[in-house]
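Take a look at the letters that make up each chain.
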Amino acid sequence: MRKVIGIGETILDIIFKNEQPIGAYPGGSSFNALVSLGRSGIDCTLISEAGNDRVGRHVVSFLKESGVNADNVNIFPDSKSPVSLAFLDEQNNAEYIFYKDHPHDQLDFVYPDIQQDDILLFGSYYALNPVIRPQMVALLDDARTHGAIIYYDVNFRQSHKNEVMKLTPNLLENLEYADIVRGSHEDFEVLYKKDDPDKVYNAEISFYCKRFIYTQAAQQVELRAENGLKRSYPVPDMNTVSTIGAGDNFNAGFIYGLMRYGITRAQIEAGLSSEQWDKLIGCAQDFSKDCCQSLFNYVSKEFGEQKKAELG
């Protein structure tokens with residue numbers, strides 16, 4: 001049976017509206033995606049770390065409750081779990097302040113058993129962090145050797161913009177490992193000062209990876225792939241409560257689609273048809289829409305049960 005392995009940080013998101021806290025939920029980019037996939041009946045494992053504190057214990061129990069294997073979440077005795085403050089504006093988009101001690105990051109894990117056509121999800125600063133780079137590259141090599149599909153979410157935050165030059169070699173290496181790259185318009189404005197999907201794809205991505213998904217909040221999703229394939233997908237109308245998990249759940253839905261429609265790495269390498277891309281982006285948008293309609297960073301349990309049933 002195919003499975004998903006995600007790697008990334010765990011964090012507690014404290015959400016503010018009109019300067020007042022309105023909720024606190026476990027999060028992290030890969031974490032959010034895996035919780036949604038776990039709720040939807042997909043076999044998934046998170047590689048991460050958490051502090052030896054109340055937040056860390058809550059994060060691990062929350063993963064297990066959501067059907068995610070947490071055996072590779074390391075609890076480090078001397079570290080505190082990271083926290084982020086997310087301030088929602090009038091459109092319910094978030095501005096973040098992160099509290100994390102990156103120089104003390106450490107990553108110590110036993111490699112999960114990665115098989116042909118399993119899916120590895122990685123991204124954010126975690127995927128670039130020089131402190132844990134050797135372990136990250138070893139995992140990517142392992143996934144590549146065993147024929148897994150590698151999905152990279154760039155997710156590069158404004159808070160790291162002064163590190164772009166230093167992190168660029170790691171970024172380019174990640175693009176080279178990836179079978180599919182997704183990024184938001186904000187990522188590429190910070191990285192390249194570009195806001196046109198064609199310019200980003202042609203100048204920065206296509207040399208390393210041919211399959212590129214460009215999301216731009218409520219504006220349409222743009223797809224660029226080999227053989228000049230270009231598709232645009234309008235974002236469905238919705239009553240948005242919070243966009244915090246929008247991108248992470250887009251990733252979850254896309255990965256769910258790869259599983260549901262039995263899409264293999266060989267098919268991706270050969271070039272997917274427009275119809276296949278349409279189905280995958282449709283799944284991605286379904287997950288993202290469900291997440292945006294609540295304060296939570298993941299799809300609802302009811303949505304997950306419905307997706308479980310669709311897997312048969």
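Residues numbered from 1 in each chain as written. Predicted model: local features only at pLDDT ≥ 70, side-chain atom pairs only at ≥ 80, totals over all residues. Heavy atoms only, no water.

Moving on, we get to the nonpolar core. Membership of the largest hydrophobic core comes to 53 residues, with the highest contact counts inside it found for Val 4, Leu 37, Ile 213, Phe 254 and Trp 277. Every residue in contact with Phe 254, bar those within four places of it in the chain, is listed here: Tyr 151, Ile 180, Ile 213, Trp 277, Leu 280, Ile 281 and Ala 284. Ranked by size, the runner-up nonpolar core spans 39 residues in total, among them Met 136, Val 137, Leu 167 and Val 190. (Core = buried A, V, L, I, M, F, W, Y, C linked by side-chain atoms within 4.5 Å. Buried < 20%, exposed > 50% of the residue type's maximum accessible area, 1.4 Å probe, protein only. Contact = heavy atoms within 4.5 Å.)

In this fold, Leu 272 is placed in the loop between α8 (265–270) and α9 (274–292). Judged by its relative accessible area of 8%, Leu 272 is buried. Ignoring any residue separated from it by four or fewer positions in sequence, one finds Leu 272 in contact with Leu 229, Ile 263, Gln 267, Trp 277 and Leu 280. (Helix = DSSP H or I, 4+ residues; strand = E, 2+ residues; numbered from the N terminus.)

To continue, consider the pattern of salt bridges. Per the counting criterion, the structure on display carries 17 salt bridges. With its nearest N and O atoms 2.6 Å apart, the salt bridge here joins Lys 3 to Asp 118. One end of the pair, Lys 3, is in the segment before β1 (4–7); the other, Asp 118, is in the loop between β8 (94–99) and β9 (119–123), and 115 residues separate them in sequence. For Lys 3, a relative accessible area of 15% puts it in the buried group. Ionic pairing is found between Asp 278 and Arg 231, a salt bridge with its closest N-O pair at 2.7 Å. Within this pair, whereas Asp 278 is found in helix α9, its partner Arg 231 is found in strand β14 (residues 229–233), the two being separated by 47 residues in sequence. Connected through salt bridges with shared partners, the residues Arg 144, Asp 179, Arg 265 and Glu 269 form a single ionic network. (Salt bridge = Lys/Arg side-chain N within 4 Å of Asp/Glu carboxyl O.)

Here helix α1 (residues 29–39) lies mainly inside the structure; 11 of its 11 residues are buried. Here α1 has its buried residues at Ser 29, Ser 30, Phe 31, Asn 32, Ala 33, Leu 34, Val 35, Ser 36, Leu 37, Gly 38 and Arg 39. Phi turns positive one or two residues past the end of α1, at Gly 41, with a value near 85°.

The 4 strands lie next to each other as β3-β2-β7-β8, forming an open sheet whose pairing is mixed. Whereas interior strands pair on both sides, the edge strands pair on one side only; in this sheet they are β3 (20–27) and β8. The mean angle between the axes of side-by-side strands here comes to 20°, regardless of whether they run parallel or antiparallel. Two elements, strand β2 (residues 11–17) and β3, share 7 bridges in a ladder whose sense is antiparallel. The residue bridging Phe 16 from the neighbouring strand is Pro 21, located in β3. (Pairing = 2+ DSSP bridges. Axes fitted to C-alpha atoms, helices over the stretch in contact; angles between N-to-C directions.)

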